[in-house]
Amino acid sequence: MPWFWRGLREGVVTTPYPKQSDPYADAFPAAVAVREDAPAITAEAAEGLCPTGAITADPASRTARVDRGRCILCGHCTRGRPDVFSLAHGAESAVTGRSSLTVPQLEETDEALAATRRELARRTGAFRRSLHIRHVDAGSDGSEEWEILALLNPVYDIHRLGMFFTASPRHADVLLVTGAAARGMAAPLRRTYEATAQPVVVIAAGTDACSGGIYGDSYATHDDGIRDVVDVDIWVPGSPPSPFSLLHALLLATGRLSASGKEAEA
Ligand code: SF4
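Not measured: the values here are computed from a predicted model.

Conventions used here
Each chain has its residues counted from 1, following the order in which its sequence is written. The predicted origin of the model limits local features to residues at a pLDDT of at least 70 and limits the giving and counting of side-chain atom pairs to 80 or more, whereas totals for whole chains, interfaces and linings rest on all residues. Secondary structure elements follow DSSP: runs of H or I no shorter than four residues count as helices, runs of E no shorter than two count as strands, and numbering proceeds from the N terminus. For this measure, only C-alpha atoms enter the radius of gyration; the expected value for a globule follows 2.2 Å times N^0.38, where N is the number of residues. For every residue, the other C-beta atoms within 10 Å of its own C-beta are counted; 20 or more classify it as buried, 12 or fewer as exposed, and values in between as partly exposed. C-beta atoms are placed from the backbone. Contact criterion: two residues are in contact if their C-beta atoms, reconstructed from the backbone, are within 7 Å. Being paired, for any two strands, means DSSP has found at least two bridges between them. An automatic or database domain assignment provides the domain bounds reported here. Amino acids are sorted into nonpolar (Ala, Val, Leu, Ile, Met, Phe, Trp, Tyr, Cys and Pro), charged (Asp, Glu, Lys and Arg) and polar (every other residue, Gly among them). Note on definitions: angles span 0 to 180 degrees between N-to-C directions of axes, and those axes are lines fitted to C-alpha atoms, for helices only across the stretch in contact. Contact assignment follows one rule, namely that a residue is near a molecule or strand if its backbone-placed C-beta atom lies within 6 Å of it. With strands facing away from the observer, any crossover in which the path from the first strand over the helix to the second runs clockwise is taken as right-handed. What makes a nonpolar core is a set of buried Ala, Val, Leu, Ile, Met, Phe, Trp, Tyr and Cys residues, with links drawn between C-beta atoms within 7 Å. Residue count minus one, scaled by 1.5 Å, sets the expected span of a helix. It is the directions from the helix axis to the C-beta atoms that the arc portrays.

Remarks on the overall build of the protein chain
So, point 1. On a plain count of helices and strands, the protein chain comes out with 9 helices and 10 strands.
So, point 2. Whereas a compact globule of 266 residues would reach a radius of gyration of roughly 18 Å, the protein chain reaches 19 Å, a difference of no more than 12%.
So, point 3. Reported as C-alpha extents along the three principal axes, the dimensions of the protein chain are approximately 60 × 45 × 35 Å.
So, point 4. Among the 266 residues that make up the protein chain, the fraction classed as buried is 42%.
So, point 5. Here the analysis covers contacts within the protein chain between residues at least 6 apart in sequence; of these, 75% occur between residues at least 24 apart.

Given below as structure tokens:
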């Protein structure tokens, strides 16, 4: 009974995203950005800032670049060089190409990215408004799993969008893979991928899955994250990524978001 009264008192708590923007998602610090007016920085200074090697600087132009796929959002760079780095806010941090995780983006990747998006849309056209997700933990520290669990609570409630988790890869449209691609999980992940019906979309969820994260190349993990094991379609940076970023990736998988990030017509 107390739950009934609490429900009436609090009203609807479910996010309006993706139909409308959500102020909480818009304010959420999701990634590191390089300021447009950033001063030049030497390669040595850039590399010394970051514990995961996510920051580089072009030796000629001395322009800083951040590989969000390697960034664990420790905040060291934004505190140490606020004139160069800032936090980018918002839900829409998932991308369809690994190179797009590097900011500022290289112009020559635009054409390749458009082709990747077209190919993904062609493969996922059959999913339309229903999506079944198989989560695979390939060596996670558990943080991504907390965010994935949140997708089922009343705030995010992915069931309203026709998205469901399934226990079997046979029933899955999407493999949502977390973790730094532990060597011991390479074969199970590969077998899960092979057991999933085609077309399947693979989402690398979190920095560890995108690049191996802070573990990098070790006796236990792969240097390049899960792409050493399976072909990845969608990349979600963050350590861990917020539920909004995960939701953004799932909407990209269904083709329900346009390139601009707005919900596409049904
Ligand atoms: S916030 Fe990311 S890019 Fe900045 S120092 Fe930490 S890991 Fe490196």
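Observations regarding unusual backbone geometry
So, point 1. In this structure, the amide linkage connecting Tyr17 to the following residue, Pro18, adopts the cis form with an omega of 10 degrees.
So, point 2. Mapped onto the elements of the fold, Pro18 is located in the loop between helix 1 (2-10) and helix 2 (23-27).
So, point 3. A cis amide bond links Val103 with the next residue in sequence, Pro104, at an omega value of -10 degrees.
So, point 4. Mapped onto the elements of the fold, Pro104 is located in the loop between strand 5 (102-103) and helix 5 (110-124).

A short note on the sheet that holds strand 2 (residues 55-57)
So, point 1. Here 3 strands make up an open sheet; going across it, the order is 2-3-5 and the pairing antiparallel. At either margin of the open sheet sits one strand with a lone partner, and together these are strand 2 and strand 5.
So, point 2. In the sheet, strand 2 pairs with strand 3 (residues 64-67) via 3 bridges, with the strands oriented antiparallel. From the neighbouring strand, Ala57 faces strand 3, where its bridge partner is Ala64.

Some details on the domain arrangement of the protein chain
So, point 1. Here the domain parsing of the protein chain yields domain 1 (29-89) and domain 2 (108-254).
So, point 2. In this structure, domain 1 and domain 2 have C-alpha centres spaced 26 Å apart.
So, point 3. With 10 residues of domain 1 at the interface, the matching set in domain 2 holds 11 residues.
So, point 4. Among the residues forming the side of domain 1 that touches domain 2, the class breakdown is 6 nonpolar, 2 polar and 2 charged.

Focus on the sheet that holds strand 10 (residues 234-236)
So, point 1. An order of 7-6-8-9-10 is seen for the 5 strands of this open sheet, with the pairing classed as parallel. For this open sheet the edge positions go to strand 7 (163-165) and strand 10, each flanked by a neighbour on one side alone. Direction aside, the axes of adjacent strands within the sheet are offset by 25 degrees on average.
So, point 2. In this sheet, strand 7 lies alongside strand 6 (residues 131-137) in parallel orientation, the contact comprising 3 bridges. Within strand 7, the position partnered with His132 by the bridge is Phe164.
So, point 3. Those strands touched by helix 6 (residues 143-150) are strand 6, strand 8 (174-178) and strand 9 (201-205), and its axis lies near 140 degrees from that of strand 8.

A word on the site of the ligand
So, point 1. Within the structure, the ligand sits among 14 residues, and Cys50, Cys71, Cys74, His76 and Cys77 are positioned closest to it.
So, point 2. Here the shell around the ligand is built from residues that sort into 11 nonpolar, 3 polar and no charged.

Considering the pairing of strand 6
So, point 1. Within strand 6, 5 of the 7 residues are buried, which leaves it mostly tucked inside the rest of the structure.
So, point 2. Handedness of the β-α-β unit built from strand 6, helix 6 and strand 7 comes out right-handed.
So, point 3. By the bridge criterion, 5 bridges tie strand 6 to strand 8 in an arrangement that is parallel. Within strand 8, the position partnered with His135 by the bridge is Leu176.

Structural notes on the nonpolar core
So, point 1. Val174, Val177, Ile203, Ala204 and Ile226 are the most contacted members of the largest nonpolar core, which has 50 residues in total.
So, point 2. Elements supplying a minimum of two residues to this core: strand 6, strand 8, helix 7 (183-195), strand 9, helix 8 (207-211), strand 10 and helix 9 (243-254).
So, point 3. If one sorts the elements of this core by residue count, helix 9 sits on top with 8 residues.
So, point 4. One finds Val32, Ala54, Ile72 and Val84 within the second-largest nonpolar core, a separate group that totals 15 residues.

Remarks on helix 9
So, point 1. Taking 1.5 Å as the rise per residue, helix 9 with 12 residues should run 16 Å; its terminal C-alpha atoms sit 17 Å apart, in good agreement.
So, point 2. For helix 9, a buried count of 12 out of 12 residues is recorded, marking the element as mostly surrounded by other parts of the structure.
So, point 3. Buried within helix 9 we find Pro243, Phe244, Ser245, Leu246, Leu247, His248, Ala249, Leu250, Leu251, Leu252, Ala253 and Thr254.
So, point 4. Looking one or two places after helix 9, you find Gly255, whose phi comes out positive at around 75 degrees.

A few points about helix 7
So, point 1. Helix length check: helix 7 (13 residues) gives 19 Å between terminal C-alpha atoms against 18 Å at 1.5 Å per residue, within 8%.
So, point 2. For helix 7, every residue scored as buried is listed here: Met185, Leu189 and Thr192. Down the axis of helix 7, the smallest arc covering the buried residues is 60 degrees, so these residues share one side. Across helix 7 from its buried face, at more than 90 degrees, point the exposed residues Ala187, Arg190, Arg191 and Glu194.
So, point 3. On its buried face, helix 7 is in contact with strand 6 and strand 8.

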